[in-house]
Amino acid sequence: MPFHGKNIILAISGGIAAYKSVELVSLFKKLGANVYCVLSESAENFVAPLSLEVMSKNKVYTKQDKHTIEANKAYIDHIELAKTADLILLAPATANTISKLACGISDDLIFDIILASQAPIAIAPAMNTNMWAHKVIQKNLSFLIDELNYHIIPPSTGDLACGVQGIGRLAELNDILKHSAYVLETQITKMDKDDIVGKSLDLANKNIIISSGGTREFIDPVRFIGNTSSGEMGFALAQEALYRGANVILVSTVDYEKDPIKAAILEHPNLVKLRANTSEEMRMAIEANFDDSVDVLIMSAAVADFRPKEYSDSKIKKEKNPDNSTINLELTENIDIVKHVAGNKLPHQVIIGFSLETENLLENASKKLIDKNLDMIVANNQEALGNYQSQISIIYPSTDKTQDLEIVELELQDKLENAKSILDHLNLILKARNEKNTDIISG
Ligand code: C5P
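Residues numbered from 1 in each chain as written. Predicted model: local features only at pLDDT ≥ 70, side-chain atom pairs only at ≥ 80, totals over all residues. Heavy atoms only, no water.

**Comments concerning the overall build of the protein chain**
Just so we agree on the cut-off: A run of H or I in DSSP counts as a helix once it spans at least four residues, and a run of E counts as a strand once it spans at least two, with each numbered from the N terminus. Using C-alpha atoms as the atom set, the radius of gyration is obtained and then compared with a globule rule of 2.2 Å times the number of residues to the power 0.38. Every accessible area reported is derived by Shrake-Rupley at a probe size of 1.4 Å, with residue values counting cover from the shown protein chains alone. Within this scheme the basic residues Lys and Arg register as positive and the acidic residues Asp and Glu register as negative, but His and the chain ends are omitted. Charge coordinates come from a single atom per side chain, which is NZ of Lys, CZ of Arg, CG of Asp or CD of Glu.
When you go through the protein chain residue by residue, the secondary structure sums to 15 helices and 21 strands. Taking 22 Å as the expected radius of gyration for a compact globule of 443 residues, we find that the protein chain reaches 25 Å, a close match to that expectation. C-alpha atoms of the protein chain, sized along the principal axes, occupy 85 × 70 × 35 Å. When the accessible surface of the protein chain is summed, it comes to about 21200 Å², and 49% of that surface belongs to carbon and sulfur atoms. Between the centroid of the 44 positive side chains of the protein chain and the centroid of its 60 negative side chains there is a distance of 3 Å.

Structure below.
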């Protein structure tokens, strides 16, 4: 177990999400970690040190310890604590704490400990959406990631305490545990993967190709036919698959490196990133990698069905067509990548497609599942494109040996939550295949 016997310092800064720290301590304790809580001065307004002390069964360090600990040798000195930590987790991390960290200001015990420690540091920000998006916060976060190698646990999207809806909520506790386990693991050995929170790394050693983003079909060097896909779904799938132990090839039209948090998450030893712009580039990247060792292909990319028949090497001039205000663009059909790959798949390989429909969602998606010889299809409507949240339905042939389709309609939620559900159902399919193979071998 990654947490067993590990010393975790939970540094809590003063945001409303600080109340969740009591439960977080309880989860870490259940997983066998020793937890030492350190509260910033303002965190004491949100969570009682006594609650954390009862839960962690350790002394809780607060601002007053900054100067009094030396006098009381009954407790471990906080600097000593910083030295023996296996991980420092700052959760929640407020905008103020993040910015002070980036400047090396140390006006609170939290900072003394972080600055005095050589342990890996993971931080889980929580703040108002606009504060999160503010340039200065993003700049400070980039510094913490790039220069100090801090690991960021991105906030989730939803209702915030300040009354707005958007990104900025403290990540789900389960996600905080997964990130913490990852940071601890990669410090110890990248290969030694074990159970996290009772849920095993159920995709360990699975080789998964995920396509992501919207393709661009170029008309000339500067113009293209595209769509509004943001690549959020593919990113969420890659993130979740990596945390569950998979080896992932992410073929994407989106440059995730521009977002420091995404870039940090994708800085994973089990990930290969490939860029593709056009449908044809995406097809070539996928087909070049889709060999017998691949277990799963997830085509979450919004691939254009058509591309311009002719490509102009130079920018098309308006005056080329002086006596006509219209221009005709002839389109030609792209190869359907997922259909093509699924047509040649091996029995152990699982192919998942997506289906965006504006009408008869479930019916049309189910038809596509059959037509394209897929093992699962994820149906969504056009609101899913370009948003952080989506309402999806997961459709696949039932694994209980009946011919029925399993149709799981989920509520509108974060794409990361959808990714988790998709991978949970993928696991059911993989398990059923495994059992079938065992039956064949033993029969
Ligand atoms: O038929 P439709 O385009 O709605 O199918 C969507 C699914 O097919 C998605 O999984 C998409 O990634 C995939 N697709 C593809 N190649 C294309 C067009 C779509 O793989 N040329």
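**As for the packing of helix H1 (residues 21-30) against helix H2 (residues 49-56)**
To keep things clear, this is the line we draw: Note on geometry: axes are lines fitted to C-alpha atoms, helical ones only across the stretch in contact, with angles between N-to-C directions running from 0 to 180 degrees. Just so you know how the angles are binned, under 35 degrees is roughly parallel, over 145 roughly antiparallel, 65 to 115 roughly perpendicular, and the rest oblique. We call two residues contacting when some pair of their heavy atoms lies within 4.5 Å. Under the convention adopted here, Pro, Cys and the residues Ala, Val, Leu, Ile, Met, Phe, Trp and Tyr are nonpolar, Asp, Glu, Lys and Arg are charged, and Gly plus all remaining residues are polar.
Following both chains from N to C, one finds H1 and H2 inclined at 10 degrees, their axes separated by 9 Å at the closest point. Comparing the axis directions of H1 and H2 gives the class roughly parallel. Contacts from Ser 21, Val 22, Val 25, Ser 26 and Lys 29 of H1 reach H2 at Ser 51, Leu 52, Met 55 and Ser 56. Looking at the contact of H1 with H2 residue by residue, the classes come out as 4 nonpolar, 4 polar and 1 charged.

**Some words on the sheet that holds strand S13 (residues 296-299)**
Note the following rule: The criterion for strand pairing is that DSSP finds at least two bridges linking the strands in question.
As summarised here, the arrangement of the 8 strands in space is S12-S11-S8-S13-S16-S17-S19-S20, forming an open sheet in which the pairing is mixed. Each of the sheet's edge strands pairs with one partner strand only, and the pair in question is strand S12 (271-275) and strand S20 (405-409). Neighbour-to-neighbour, the strand axes of the sheet open up by a mean angle of 15 degrees, direction not taken into account. Summarising the sheet, strand S8 (residues 207-212) and S13 pair through 4 bridges and their orientation is parallel. In the sheet register, Ile 208 faces S13, and the bridge partner there is Val 296. On top of the sheet, helix H10 (residues 232-243) reaches S8, strand S11 (247-252), S12, S13 and strand S16 (350-356); it is set at about 160 degrees to S8, its chief contact.

**Concerning the pattern of salt bridges**
For clarity, the threshold we go by: One speaks of a salt bridge when a side-chain nitrogen belonging to Lys or Arg is within 4 Å of a carboxyl oxygen belonging to Asp or Glu. Exposure categories follow from relative accessible area, calculated using a 1.4 Å probe and restricted to protein chains: below 20% of the type maximum is buried, above 50% is exposed, and the middle band is partly exposed.
Tallied over the full model, the rule gives 19 salt bridges. Between Lys 273 and Glu 257 there is a salt bridge whose closest N-O contact spans 2.7 Å. With Lys 273 in strand S12 and Glu 257 in the loop between S11 and helix H11 (260-265), this pair connects stretches of sequence that are 16 residues apart. Here Glu 257 falls in the partly exposed class, since its relative accessible area comes to 39%. One network of salt bridges, in which partners are shared, links Lys 178, Asp 202, Glu 240, Arg 244 and Asp 424.

**Some thoughts on the pairing of S13**
Going residue by residue along S13, you find Val 296 and Ile 298 tucked away on one face and Leu 297 and Met 299 tucked away on the opposite face as well. Where S13 and S16 come together, 4 bridges link them in parallel fashion. Bridge pairing in S16 links Ile 298 to Ile 352.

**Some remarks on the domain arrangement of the protein chain**
What counts here: The domain boundaries here were taken from an automatic or database domain assignment. Put simply, buried area is the surface a 1.4 Å probe can reach on two separate parts but cannot reach once they are joined, added for both. Counted as a polar contact is a pair of N or O atoms within 3.5 Å, where, for protein atoms, one must be capable of donating a hydrogen and the other of accepting one, and residues adjacent in sequence contribute only when both atoms are in side chains.
When its domains are assigned, the protein chain resolves into domain 1 (7-186) and domain 2 (207-315 + 326-437). The distance between the C-alpha centroids of domain 1 and domain 2 comes to 35 Å. Opposite the 15 residues of domain 1 that make contact, domain 2 presents 16 residues. When domain 1 packs against domain 2, close to 1300 Å² is buried across both sides, 61% of that on carbon and sulfur atoms. Counting the surface domain 1 buries against domain 2, the share from its top three residues, Thr 157, Lys 178 and Tyr 182, is 38%. Inspection of the domain 1/domain 2 interface yields 2 salt bridges. Applying the counting rule to domain 1 against domain 2 returns 3 residue pairs in polar contact (both at pLDDT 80 or more). Listing elements by their share of the side of domain 1 that touches domain 2, those giving two or more residues are helix H8 (135-146), strand S5 (151-152), strand S6 (156-159) and helix H9 (173-188). In the side of domain 1 that touches domain 2, the residues fall into 6 nonpolar, 6 polar and 3 charged.

**Some words on the sheet that holds strand S3 (residues 87-93)**
If you walk across this open sheet you meet the 5 strands as S2-S1-S3-S4-S5, and the pairing is parallel. Looking along the sheet, the strands with just one partner apiece sit at the ends: strand S2 (34-39) and S5. When S3 meets strand S4 (residues 121-125), the two strands line up parallel, connected through 4 bridges. Along S4, the bridge assignment pairs Leu 90 with Ile 123. Running at roughly 175 degrees to strand S1 (residues 7-12), H1 makes contact with S1, S2 and S3 of the sheet.

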